[in-house]
Amino acid sequence: MSESAKLHPNPQGKGEKTHGSDFSYVGIDAILEQMRRKAMKQGFELNIMVVGQSGLGKSTLMNTLFKSKVSRKSVLPNPEERIPKTIEIKSISHDIEEKGVRMKLTVIDTPGFGDQINNENCWQPIMKFINDQYEVYLQEEININRKKRIPDSRVHCCIYFIPPTGHCLRPLDVEFMRRLSKVVNIVPVIAKADTLTLEERDYFKQTIREELRANGIDVYPQKEFDEDAEDRMINDKIREMIPFAVVGSDQEYQVNGKKILGRKTKWGTIEVENIAHCEFAYLRDLLIRTHMQNIKDITGSIHYETYRVRRLNESNALFSSQPSDHPAVQPKTNGQPEQQPSTLQANGVAAQHEALSHEM
């Protein structure tokens, strides 16, 4: 080996291709590998909320989606669980790793939703919880000394479980999705779809789509957020399938020498991941394999941004309404400024406030 080779080792990383023979090569494409390495180090966050009546298989579906015991009932089993008198928001987080990719998954359950005789305004605790997470993020974001990476507890997606009645949406379903679709990404699913025949399922899905259009409910993926013609074409196919008719199961069976997740009946085994049996695979691909980052982007750039603008406008209006003869900052005797209790904090938001609902 020559002396010059010893003094000047190859600066390229292990496994990277050489482009010495390509005079026009600059190396801009290396940014993708840099982004991948950084993302692998940081990991990802995903917060999913499940909403629906008891007995619709919410916990089972979450376990099936991630092929792990991630649901609240799986981690904290309670054989004597009662129906709560009011909606209780409960969340549990997991650290999941697959092929070197780390993700913090938070599953938010809403026991008590739709289980009461009088379900009037039962969506309000859920709306408040979603807005509270936006508020927590906003307070961290506008601090003078911000964290390098703000923990993200915002709800990225809400899976809404529709009972498999086969007829039409209930007023409760319409009211919930109409209000919540403006603050969070909603993905409606028909729970326990194996209780419907294929003809009943298709008719039910078509009826639900018509009712969503009639009530002005935009579920994910929303048409106005399609970025280009290619996205529109892909998302149109997804919109034609919504709501997804799903079956969940965390039981494994042997079918033709292969292990499958399914539900065993007298007439055969319902294969959860077989698209001929149900649409679970389409839901999994949407939430995890194809649209996970887009779901998070819309949460941050649309839903959270709407909340942030409303909150800051509210703070500015409060500041403008203060009398001019009561200055916000008065000097101390030592020359340092002193902030009055009734004024805005240094972060620009009122010290005492209530989380505001930003429904349209």
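Residues numbered from 1 in each chain as written. Predicted model: local features only at pLDDT ≥ 70, side-chain atom pairs only at ≥ 80, totals over all residues. Heavy atoms only, no water.

As named in an unreviewed UniProt entry, the protein is Septin, taken from Parambassis ranga. Regarding the protein, the relevant UniProt record gives this comment under Subcellular location (unreviewed entry): "Cytoplasm, Cytoskeleton". Here the protein is described in UniProt, under the heading Sequence similarities (unreviewed entry), as follows: "Belongs to the TRAFAC class TrmE-Era-EngA-EngB-Septin-like GTPase superfamily. Septin GTPase family." (UniProt positions renumbered as here; feature names shortened; annotations may be inferred.)

Q: Give a detailed account of the nonpolar core, specifying residues and quantitative values.
A: In terms of nonpolar packing, the biggest core is built from 75 residues, with I159, F176 and L180 touching the most fellow members. It is helix α5 (residues 124–141) that contributes the most residues to this core, seven residues altogether. Not counting residues up to four positions away in its chain, the partners in contact with L180 are W123, I126, M127, I130 and I186. (Core = buried A, V, L, I, M, F, W, Y, C linked by side-chain atoms within 4.5 Å. Buried < 20%, exposed > 50% of the residue type's maximum accessible area, 1.4 Å probe, protein only. Helix = DSSP H or I, 4+ residues; strand = E, 2+ residues; numbered from the N terminus. Contact = heavy atoms within 4.5 Å.)

Q: Help me get a handle on the side chain of R284, residues and values and all.
A: Following the sequence through the fold, R284 ends up in helix α9 (residues 280–290). We classify R284 as buried; its relative accessible area is 11%. When sequence neighbours within four positions are dropped, the list of residues in contact with R284 reads L65, E273 and R289.

Q: Describe the environment of G55, with residues and values.
A: Looking at the secondary structure, you find G55 in the loop between β1 (44–51) and α3 (58–66). On a C-alpha basis, the gap between G55 and A191 in space is 9.4 Å, while along the polypeptide they are 136 residues apart.

Q: Account for the sheet that holds strand β9 (residues 268–271), with residues named and values stated.
A: Adjacent strands of a sheet form backbone hydrogen bonds with each other and so pair up, either parallel or antiparallel. Strand order in the open sheet made by the three strands is β7-β8-β9, with antiparallel pairing throughout. Every interior strand has two partners, whereas the edge strands, β7 (252–255) and β9, have only one. Each strand of the sheet is rotated relative to its neighbour by a mean of 70°, with strand direction disregarded. Of the strand pairs in this sheet, strand β8 (residues 258–265) and β9 are connected by four bridges, and their pairing is antiparallel. Across the sheet, residue G262 finds its bridge partner in β9, namely E271. (Pairing = 2+ DSSP bridges. Axes fitted to C-alpha atoms, helices over the stretch in contact; angles between N-to-C directions.)

Q: So what about the environment of T64? Which residues, and what values?
A: Mapped onto the fold, T64 is located in helix α3. Among the residues examined, T64 registers a relative accessible area of 2% and is labelled buried. Considering only alpha carbons, one finds T64 and G248, 184 residues apart in sequence, at a separation of 6.0 Å. Residues contacting T64, with those up to four places away along its chain left out, are G248, S249, D250, L261, V272 and F280. At a separation of 2.6 Å, a polar atom in the side chain of T64 contacts the main-chain carbonyl oxygen of T60. (Polar contact = N/O pair within 3.5 Å; in protein donor to acceptor, adjacent residues only side chain to side chain.)

Q: Summarise the sheet that holds β1; cite the residues concerned and give the values.
A: Pairing is mixed across the open sheet formed by six strands, whose spatial order is β2-β3-β1-β4-β5-β6. Each of the sheet's edge strands pairs with one partner strand only, and the pair in question is β2 (90–98) and β6 (244–245). In this structure, β1 lies alongside strand β4 (residues 157–162), joined through four bridges in parallel fashion. Along β4, the bridge assignment pairs I48 with C157. In the packing of helix α6 (residues 171–180) onto the sheet, the strands contacted are β1, β4 and β5 (186–190), and the crossing angle to β4 comes to about 170°.

Q: Account for α9, naming residues and giving values.
A: Turning to α9, its buried residues number three or more, namely F280, A281, L283, R284, L286 and L287. Buried residues belonging to α9 abut α3, β4, β5, α8 (229–241), β6 and α10 (292–320).

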